[in-house]
Every structure is written in C-alpha cells, then in structure tokens.
Amino acid sequence: MPHPPQAPPAFTPGGPVFAPGGPLFAPRFTEPRDRPRGPYARLFQTPGARAFTAGNLLARLPLGMFSVSAVIMIPGSRGSYALAGAVVAAGLAATALVAPWTARLTDRHGQARIAVPATVLAVLGSLALVVCVRLDAPSWTLFAAYAATATTPNTGGMSRARWAHLLRGDPAALHTANSFEQAADELCFMLGPVLAAVLCSALFPEAGTLTGAALLLTGVVVFAAQRATEPPATGRRAGGRSPLRTPGMPALLAVFLATGVVFGALEVSTLAHLDSGWAGALLGLQAVGSCAAGLLYGTVRAARDLPGRLMLCLAAMTALMFLPLLAARTGSVPLLALALLAAGAATAPTMVTGVTLVQRLSPRGGLNEGMTLAVTAILGGIAAGAATAGRLAEHPGPAYGYAVPAMAAAVACALAALAKARKAL
C-alpha cells in the first residue's frame, strides 16, 4: 500500500549552514521518523481504520462470552446443564437462520442503519434471558429470549467488508487486513470465555451476560458511528442475486463446513480427554498458536492463485491435525499442548485464504452476506464436529475423538482440490 504523502522536511534555502534547518541538517530529516515500518503499521495509516477497528473489537469480545455465561447462569438457577446446553444450541440454530438475512439487509441499507437496531434487539434478548432466569420463568421463555439474540450482527464480517471497501485494488494490503481480522477473532474468542467465567464467579451469575450486552451495544454504536469508512449501501442488487448463486461459492461453503467440523471436534476432544482445568489452558494455547500464525501470515506475499494457496493451507492443516491424535495416545499433557499449539498455527492461514476467496466471489454489494454465509457454514460444522467427537470420546475412548478433526481436514482438502480441478473455484 503506498505511503501517505508526507510533509517536506524543514529546510530554509540559503540559510546558515549550521542553523537548525540549514543545508547541513537537511539530510537528517529526509526519512520521516514516523514512516510506517511494516505491513500492519501501513494498514492502520488508512484514514478511519483505527477508529472502526477499536469499536469492532469492543463489539466482538462479547461474542465469546454469551454462551459461556448462559451455561453458568442457567444451571445456577435451574440446576440443569442439559437445559443450558439446549438453550445455547437453539440460539445457535436461530442465528444460523437469521444471520444471513441480517447481513443481506446490511448490504442493502448500510451497516449503521441495520447493525444498531439489530444489536438493540439482541441486547434486549440477553436482558430478557436474565430476567427470566431471575424470576424462575417457564423454561420455554429461556429459549425464546436466547433466540432473540440471533439478530446480533456479524461484526467480524462487517469489519472485513470495510477493509475490502477501503483497500479495493490493493490485494497485498487486503491480505494483511484479513490476517489481522483472523488474529482478532482468535484473541476475542480466547479472552471472551475467560472474562465471562471470571465475572460470573467473582460477582454474580448474571454478570457475564450483562457485561457482554453492554460491551456489544457500546462497540457497535462506536463502530457504526464511523460513517466515512462504511461501504455504500447498494439497495436491491440487480436481480436480487445472492452470493449462494455465485459460481464457486457453494463449493467454498462446503470447505468451510468441513473446516468447522475441525474446530468443533478439536474443542470437544480436548475437553473430554483432559476433563480438568488444563483443558481450558490447552485450548487457549491452540488459540495463541492460531493468533500468532495469523499475524505472521499477514506479512507474507498475498497469493495470486487463491484456490491453490487454500489447498496448500488445508494440506498443512490435515498433516498437523494428526499431531493431537498421536500425542493423546501417549497420555502426555505437555506433548498434547505442543501438538495443539502446532495444530492451531494451521487454522489462521486457512481461514484468511478462505475469507479472501469469499470476498472475491461475493457479488458487488453482497460482501456482508457472503461472509455471514461462511460463518454460518462454520457454525454448522462446529455443531456436527462437536457431536461426532463427543460420541467417539465416550465409546472407543477420549483419545479417539481427535481422529475427527484430522479426517475433517482431509475432507476439506479433498473438496478444495475437487473444486479447483473442476474450475469451480
């Protein structure tokens, strides 16, 4: 990305040689001291980037808090983890149905006009859940209240859409931006559950939900207020064309679905295998590996052949996903920790490349919807992976659950290879 224009160094033609600003001193100022040194520094020289990123990070942090808070809050009142899990699962299912429609409205009418009222509805749903739990309302009200949070906008997708709008024509900078966004996802989903657990245990069971609702609303309002960087609303796209009808998008969503299986199975397998406080630490280590790999990946050259790069990333992820399976068979926790760190490092480059492909394939004016469809596919895969790994962990044994992410990664790689061979990507 080209550097922004810099003011010329202070120089007085004909001034005294030894005077500050004279000819002798001019060479010292030919290189501006505040010139960005790396791709991320250059990225945030984009006007308005820091402001909308700050608001988006604030809004994204609670997304990792709500489910954990509900799982802590509901059993504290009802004494049933099964009920809590069912409420959260129903909320995820509702989100999978509602989120693409919210994203389509966002593309048509603008982020600020849709994101703020959608967030208000979601926050009201969270508050209703707290009230229902406190008043010991019938169980069905918990499902209804949590389902109302399905209107929560895809803040990560909206941020990526802004980068795609601001950096159009600069694939190298967009590659760096997508890498940063993936690292931010990992960081927020690593810190969110920890923050929720601390608040609920140190204060009161509803503290995590209430804090998350406040952070979400504040962050979205700050983000939406940055109108100068918002992609223009497109109204109704020609023919009402959905990204689902774009050639290559269905194949890519199938790859995202299989990748989601990797994520869900890896998490459940780790929880089942360790069944202790170490499980959370090891999952955090996996997220750290992914976050670090995402930031590093943003410094390498952007791929010209995105489908080919995606295949390479998926092949690497397939190979690294066998490491937790082998480590779990040894029974060594430190060895498993190293294996999860390595496996986590493979996920961020895969996601960054996949998201960049989504941005390329989405029709003009359909970026938010395209990226939300990708998130929906991942959530579906997470649910399937968690269920499959949980069943394997119970019957053959906890270590066998780690076979699921390895196999799912191989399936994702095969799907990408098949799509590329058929020129579907």
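Residues numbered from 1 in each chain as written. Predicted model: local features only at pLDDT ≥ 70, side-chain atom pairs only at ≥ 80, totals over all residues. Heavy atoms only, no water.

**Looking at the overall build of the protein chain**
Using the following cut-off: For the purposes of this entry, the term helix denotes a DSSP run of H or I that reaches at least four residues, the term strand denotes a run of E that reaches at least two, and both are numbered from the N terminus. Only protein chains enter the accessibility calculation, which uses a 1.4 Å probe; a residue is then buried when its area is under 20% of its type maximum, exposed when over 50%, and partly exposed in between. Whether two residues are in contact is decided by their heavy atoms, any of which lying within 4.5 Å being enough. Each accessible area is a Shrake-Rupley estimate made with a 1.4 Å probe; only the visible protein chains count as cover when residues are assessed.
The number of helices and strands found in the protein chain is 15 helices and zero strands. Expressed as a percentage of the 425 residues in the protein chain, the buried residues total 51%. Pairs at least 24 apart in sequence give 81% of the contacts found in the protein chain among residues at least 6 apart. Element-wise, carbon and sulfur atoms account for 68% of the exposed surface of the protein chain, whose accessible area totals about 19200 Å².

**Some thoughts on the pattern of salt bridges**
Going by this rule: A pair is scored as a salt bridge if a Lys or Arg side-chain nitrogen falls within 4 Å of a carboxyl oxygen belonging to Asp or Glu.
Across all of its chains, the model carries seven salt bridges by this definition. Notably, a salt bridge pairs Glu206 with Arg134, separated by 3.6 Å at the nearest N-O pair. Of the two residues, Glu206 is situated in the loop between helix H8 (171–202) and helix H9 (207–224) and Arg134 in helix H5 (residues 111–134); the sequence distance between them amounts to 72 residues. You can call Glu206 buried: its relative accessible area is 6%.

**Notes on the packing of helix H3 (residues 66–78) against helix H4 (residues 81–109)**
Rules: Interaxial angles span 0 to 180 degrees and are taken between N-to-C directions of axes, which are lines fitted to C-alpha atoms, for helices over the stretch in contact. Helix crossings get a hand from a simple test, with the near helix turned counterclockwise from the far one by less than a right angle marking a left-handed crossing and a clockwise turn marking a right-handed one. Polar here means any residue outside two lists: the nonpolar Ala, Val, Leu, Ile, Met, Phe, Trp, Tyr, Cys and Pro, and the charged Asp, Glu, Lys and Arg; Gly therefore counts as polar.
One can describe the packing of H3 onto H4 by two numbers: an axis separation of 8 Å at closest approach and a directional angle of 145°. Along this stretch, H3 crosses H4, giving a crossing that reads as right-handed. Contacts from Ser67, Ala70, Val71, Ile74, Pro75 and Arg78 in H3 reach Tyr81, Leu83, Ala84, Val87 and Val88 in H4. Considering only residue class, the contact of H3 with H4 consists of nine nonpolar, one polar and one charged.

**A few points about the nonpolar core**
Inside soluble globular proteins, nonpolar side chains tend to come together where they are buried. As a reminder, the rule being used: Buried Ala, Val, Leu, Ile, Met, Phe, Trp, Tyr and Cys residues that are joined via side-chain atoms within 4.5 Å together make up what is termed a nonpolar core.
By size, the foremost hydrophobic cluster in this structure holds 86 residues, and its most contacted members are Leu43, Ile74, Leu142, Trp163, Phe256, Leu314 and Met321. Looking at this core, the element that brings in the most residues is helix H10 (residues 249–274), giving twelve residues. In this structure, Trp163 is in contact with Leu43, Phe44, Thr46, Ala49, Phe52, Thr53, Leu174, Ala177 and Glu181, ignoring residues within four places of it in sequence. Grouped together as the second largest cluster of nonpolar side chains are six residues, Leu61, Ala196, Ala207 and Leu215 included.

**Re a nonpolar patch on the surface**
We count it as follows: Residues forming no salt bridge and having over 30% relative accessible area are the ones grouped into patches, like charges within 9 Å of each other and nonpolar side chains (Val, Leu, Ile, Met, Phe, Trp, Tyr) within 5 Å.
A surface patch of nonpolar side chains, amounting to about 730 Å² of accessible area, comprises Val120, Leu121, Leu124, Leu127, Leu203, Phe204, Leu210, Leu217 and Val221. The set of elements that each furnish at least two residues to the nonpolar patch consists of H5 and H9. A per-element tally of the nonpolar patch places H5 first, with four residues. Mapped onto the elements of the fold, Leu124 is located in helix H5. Judged by its relative accessible area of 48%, Leu124 falls in the partly exposed class.

**Focus on the side chain of Thr376**
Along the chain, Thr376 falls in helix H14 (residues 367–394). Residues in contact with Thr376, not counting those within four places in the same chain, are Ala96 and Pro100.

**Section: the environment of Thr259**
Mapped onto the elements, Thr259 comes out in helix H10. Of the residues examined, Thr259 reaches a relative accessible area of 2% and is grouped as buried. In the structure, Thr259 is positioned 58 residues away from Met317 in sequence and 9.8 Å away in space, judged by C-alpha atoms. Here Thr259 is in contact with Leu314, Met317, Met351 and Ala412, once residues within four sequence places are set aside.

**Details of helix H13 (residues 333–361)**
Defined as follows: Each helix should span, by expectation, one fewer than its residue count multiplied by 1.5 Å. Contacts described as polar in this section are N or O atom pairs within 3.5 Å, which, within protein, must combine one atom able to donate a hydrogen with one able to accept it, while residues neighboring in sequence count only if both atoms come from side chains.
Compared with an ideal rise of 1.5 Å per residue, which puts 29 residues at 42 Å, H13 spans 42 Å between its outermost C-alpha atoms and is within 8% of the ideal. Here H13 lies mainly inside the structure; 21 of its 29 residues are buried. Residue Ser332 occupies the N-cap position of H13, its side-chain oxygen lying 3.2 Å from the main-chain nitrogen of Leu335.

**Regarding helix H7 (residues 155–166)**
Relative to the 16 Å expected for twelve residues at 1.5 Å per residue, H7 spans 17 Å between its end C-alpha atoms, a close match to the ideal helical length. The buried count for H7 comes to eleven of twelve residues, which makes it a mostly enclosed element.

**Some points on the environment of Val220**
With respect to the helices, strands and loops of the structure, Val220 is situated in helix H9. As for Val220 and Pro117, which are separated by 103 residues in sequence, their C-alpha atoms are 10.0 Å apart. Those residues in contact with Val220 that sit more than four places away from it in its chain are Ala59, Ala115, Val116, Thr119 and Thr155.

**Quick look at the packing of H7 against H8**
Test applied: An angle below 35 degrees is read as roughly parallel, one above 145 as roughly antiparallel, one from 65 to 115 as roughly perpendicular, and any other as oblique.
It is the contact of H7 with H8, at a shortest axis distance of 10 Å, that shows an interaxial angle of 165°. With respect to their mutual orientation, H7 and H8 come out roughly antiparallel. Here the hand of the crossing between H7 and H8 comes out right-handed. Side by side, H7 and H8 meet where Gly156, Ser159, Arg160, Trp163 and Ala164 of the first sit next to Leu174, Ala177, Asn178, Glu181, Gln182 and Asp185 of the second.

**Thoughts on the packing of aromatic side chains**
Heads up, the rule is: Each Phe, Tyr or Trp ring (for Trp, its six-membered ring) is paired with any other whose centre lies within 6.5 Å, and the angle between the two planes then decides the class: stacked below 30 degrees, edge-to-face above 60, tilted in between. We call a charge positioned above a ring when the Lys NZ or Arg CZ atom is no farther than 6 Å from the ring centre and deviates by at most 35 degrees from the ring normal.
Scanning the entire structure with this criterion turns up four aromatic pairs. Aromatic pair Phe44 and Trp163: ring centres 5.7 Å apart, planes at 85°, arrangement edge-to-face. Here the residue Phe44 occupies a position in the loop between helix H1 (39–43) and helix H2 (49–60), and Trp163 occupies one in helix H7, the gap between them amounting to 119 residues. On the basis of relative accessibility, which here comes to 0%, the residue Trp163 falls in the buried class. Members of the aromatic cluster, joined through ring pairs, are Phe44, Phe52, Trp163, Phe180 and Phe223. The residue whose ring lies beneath Arg162 is Phe52, and the NZ or CZ to ring-centre distance is 5.7 Å. Against the face of Phe223 rests Arg162, its NZ or CZ located 4.1 Å from the ring centre.

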